[in-house]
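Below, each chain spelled out in residue letters.
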Amino acid sequence: MKTNRRAFFQKGAILGVGLTLGSLGLFAKNKENLAQNASDDIFDAIKNRRSVRKFKSTPVPKEHLIKILEAANCAPSPSNRQAWKFLVIQERETLDQIKEECIKRSGERNRQYFTDYLSAPVYVVVLADTKTRNPANDVIGGALAAENLMLAARALGYGTVYCANSIPEEVSKQVLNIPDDYKRLCITPIGVPAEWPKTPKKKSLEEVVLHEKFK
Ligand SMILES: Cc1cc2nc3c(=O)[nH]c(=O)nc-3n(C[C@H](O)[C@H](O)[C@H](O)COP(=O)(O)O)c2cc1C
């Protein structure tokens, strides 16, 4: 009887240790998978981000927009100044004003181009404060914020484009009452693409990577 009890407890202990080790293994595996998924997500967003210039009218839910803006606001910035502003435009009337101003300046022949370009439900203007002690660096911070924004939008299934010239700075400044001491870095749409453009040819690593010394 004693031997039976000991055997029972021994079996129980072995089973207990086995289960604990098993679940620890499972936990570790899950953690590994989670880490794997997280890094896949960021690489997917980086690789699949495309400049998109025509959109469906599908709305962008507020919680997506907030997530995207939070990602932008997480970017590195000189001395953590975050000398940026994100001006969000969702009113069709305002977007139409921008469109008409662009057409007025570039010619009626570009009407379709700007109609497509301004077809997204949301646009974000990325601005950098030029009154800081190092405005040139704050412009770089703003550009990094814009990249964060575009990658987060891509991760949620939206297209964007870093538009610095197609919609001239003066147009957005004029229509949106942006003060002179803010530099407009870009304006980007956020929307579901009419279609995802093909990846344009990118330089190979051999063309852009150098090792140890510039040669
Ligand atoms: C500083 C900068 C300025 C840009 N300006 C414009 C622009 O004015 N209009 C536009 O349609 N795209 C603009 N782009 C987007 C580029 O054309 C685009 O990133 C490039 O063609 C590569 O395509 P991809 O973004 O799909 O990889 C700009 C991109 C950068 C980084």
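Further up the page is the structure itself.
Residues numbered from 1 in each chain as written. Predicted model: local features only at pLDDT ≥ 70, side-chain atom pairs only at ≥ 80, totals over all residues. Heavy atoms only, no water.

A. Just the overall build of the chain, in detail. Along the chain, the regular secondary structure elements total seven helices and three strands. Out of the 215 residues in the chain, the part that is buried amounts to 33%. Counting only contacts in the chain whose residues sit at least 6 apart along the sequence, the fraction spanning at least 24 positions is 80%. Total accessible area on the chain stands at roughly 14100 Å², and carbon and sulfur atoms take up 57% of it. (Helix = DSSP H or I, 4+ residues; strand = E, 2+ residues; numbered from the N terminus. Buried < 20%, exposed > 50% of the residue type's maximum accessible area, 1.4 Å probe, protein only. Contact = heavy atoms within 4.5 Å. Areas by Shrake-Rupley, 256 points an atom, 1.4 Å probe, with all protein chains shown as cover.)

B. Seen up close, the site of the ligand. Neighbouring the ligand are 13 residues; Ser51, Arg53, Asn165, Ser166 and Lys202 lie closest to it. Take Arg53: an N or O atom from its side chain is 2.6 Å from an oxygen atom of the ligand. A distance of 3.0 Å separates a nitrogen atom of the ligand from a polar atom in the backbone of Tyr162. Protein burial of the ligand: of its 620 Å² of free accessible surface, 63% is covered by the chains. Taken together, the residues that form the shell around the ligand break down as six nonpolar, three polar and four charged. (Near = heavy atom within 4 Å. Polar contact = N/O pair within 3.5 Å; in protein donor to acceptor, adjacent residues only side chain to side chain. Nonpolar A, V, L, I, M, F, W, Y, C, P; charged D, E, K, R; others polar.)

C. Spatial organisation of the packing of aromatic side chains. Under the counting rule described, the total for this entry stands at three aromatic pairs. When the centroid spacing of 6.0 Å and the interplanar angle of 35° are considered together, the rings of Trp84 and Phe86 count as tilted. Residue classification places Trp84 among the buried residues on the basis of a relative accessible area of 6%. Centre to centre, the rings of Tyr113 and Tyr117 are 5.3 Å apart; their planes meet at 50°, and the pair counts as tilted. (Phe/Tyr/Trp six-rings, centres within 6.5 Å; stacked < 30°, edge-to-face > 60°.)

D. A look at helix 6 (residues 169–176). Along helix 6, the positions that sit buried rather than exposed are Val171, Ser172, Lys173, Val175 and Leu176. Here the buried face of helix 6 lies against strand 1 (84–89), helix 3 (92–106), strand 2 (122–129) and strand 3 (182–190).

E. Molecular detail of the nonpolar core. With 23 residues, the main nonpolar core has Ile89, Ile98, Tyr123, Val125, Ile167, Leu176 and Ile187 as its most contacted residues. Considering each element in turn, this core owes the most residues, four residues, to helix 3. If we ignore the near neighbours within four places in the chain, the residues touching Ile187 are Ile89, Ile98, Tyr123, Val124, Val125, Val161, Tyr162, Cys163 and Ile167. Core analysis: the next-biggest nonpolar cluster, separate from the first, contains 18 residues, Ile68, Ala72, Met150 and Ala153 among them. (Core = buried A, V, L, I, M, F, W, Y, C linked by side-chain atoms within 4.5 Å.)

F. Structural view of the pattern of salt bridges. All told, the structure shown has 10 salt bridges when counted by the stated rule. In this structure, the salt-bridge partner of Lys104 is Glu101, at a minimum N-O distance of 3.6 Å. Of the two residues, Lys104 and Glu101 are both situated in helix 3; the distance of three residues between them amounts to about one turn of the helix. Residue Arg105 is joined to Glu101 by a salt bridge in which the shortest nitrogen-to-oxygen separation is 3.4 Å. Here Arg105 and its partner Glu101 are both found in helix 3, four residues apart, which amounts to about one turn of the helix. A relative accessible area of 12% places Glu101 in the buried class. Each of Glu101, Lys104, Arg105 and Glu170 takes part in one network of salt bridges that share partners. (Salt bridge = Lys/Arg side-chain N within 4 Å of Asp/Glu carboxyl O.)

G. Structural context of the side chain of Arg49. Along the chain, Arg49 falls in the loop between helix 1 (2–48) and helix 2 (62–73). Here Arg49 is buried and forms no salt bridge, its nearest opposite-charge partner Glu147 lying at an N-O distance of 4.3 Å. (Lys, Arg positive; Asp, Glu negative; His and termini not counted.)

H. Fine view of the pairing of strand 3. Of all nine residues in strand 3, eight are buried, a share of seventy percent or more. Sheet topology note: the strand 2/strand 3 ladder contains eight bridges and is antiparallel. Along strand 3, the bridge assignment pairs Val126 with Cys186. (Pairing = 2+ DSSP bridges.)

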